[in-house]
Amino acid sequence: QVRLVESGGGLVQPGGSLRLSCATSELTLTFSRYIMNWYRQAPGKERELVATISTTGTGTNYVDSVKGRFTISRDNSKSTVYLQMNSLKPEDTAVYYCKAVGVGAANGLNYWGQGTQVTVSS
């Protein structure tokens, strides 16, 4: 059973920052075979892809609404992916999920975390 565990969510005022983490102990030996993604889902809305990072961390991509404010990174030695969120806005309020998408030898394997709540409010 593979578990992705998100942490770092919480309540923050507009303009504030949070750093989310997503860690796994079951993929320690193969973490570098997974593209890592952060998604979010706000109440009443569909889940949307927020950020993606390549297996080596050299390539990243973001949804337009977070460009310049969010930064995705990974530490393969710790089997962990991060999402640094700055200049947070109320519309960033959502449950944030990480997803691992296998490539190469791990092709076809996908895993989701359980999510962490981020609330941006004054």
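Up top is the structure.
Reading guide: rules and limits
Residues numbered from 1 in each chain as written. Predicted model: local features only at pLDDT ≥ 70, side-chain atom pairs only at ≥ 80, totals over all residues. Heavy atoms only, no water. Disulfide = S-S within 2.5 Å. Helix = DSSP H or I, 4+ residues; strand = E, 2+ residues; numbered from the N terminus. Buried < 20%, exposed > 50% of the residue type's maximum accessible area, 1.4 Å probe, protein only. Core = buried A, V, L, I, M, F, W, Y, C linked by side-chain atoms within 4.5 Å. Contact = heavy atoms within 4.5 Å. Lys, Arg positive; Asp, Glu negative; His and termini not counted. Salt bridge = Lys/Arg side-chain N within 4 Å of Asp/Glu carboxyl O. Pairing = 2+ DSSP bridges.

A.B. asks: Now, about the state of the cysteines: what can you tell me, with residues and values included?
C.D. replies: In total, this model carries one disulfide according to the counting rule given. With a sulfur-sulfur separation of 2.0 Å, Cys22 is cross-linked through a disulfide to Cys98. Of note, the bridge from Cys22 to Cys98 carries an S-S torsion of about 55° and is right-handed in sense. One end of the pair, Cys22, is in strand β3 (residues 18-23); the other, Cys98, is in strand β9 (residues 94-102), with 76 residues separating them in the sequence. Both residues of the pair, Cys22 and Cys98, belong to the buried class.

A.B. asks: For the nonpolar core, give the residues involved together with the corresponding values.
C.D. replies: Judged by nonpolar contacts, the single largest core of 29 residues is most densely connected at Met36, Trp38, Phe70, Ile72, Leu83, Met85 and Tyr96. Those residues within four positions of Met36 in sequence are excluded, and the remaining contacts are Cys22, Phe31, Ala51, Thr52, Ile53, Ile72, Arg74, Val81, Lys99 and Ala100.

A.B. asks: With reference to specific residues and values, describe the side chain of Lys99.
C.D. replies: Summarising the element assignment, Lys99 is placed in strand β9. Despite its burial, Lys99 pairs with no opposite charge, the nearest such side chain being Glu6 at 12 Å. Apart from residues no more than four positions distant in its own chain, Lys99 is found in contact with Leu4, Ile35, Met36, Asn37, Tyr39, Asn110, Tyr111 and Trp112.

A.B. asks: An account of the pairing of strand β8 (residues 80-85) is requested, with residue identities and associated values reported.
C.D. replies: Along β8, five of the six residues are buried, which leaves the element largely enclosed by surrounding structure. One ladder, built from six bridges, connects strand β7 (residues 70-75) with β8; its direction is antiparallel. When the sheet's bridge partners are listed, Asp75 is paired in β8 with Thr80. The turn linking β7 back onto β8 is made up of four residues, and Ser79 within it adopts a positive phi angle of 50°.

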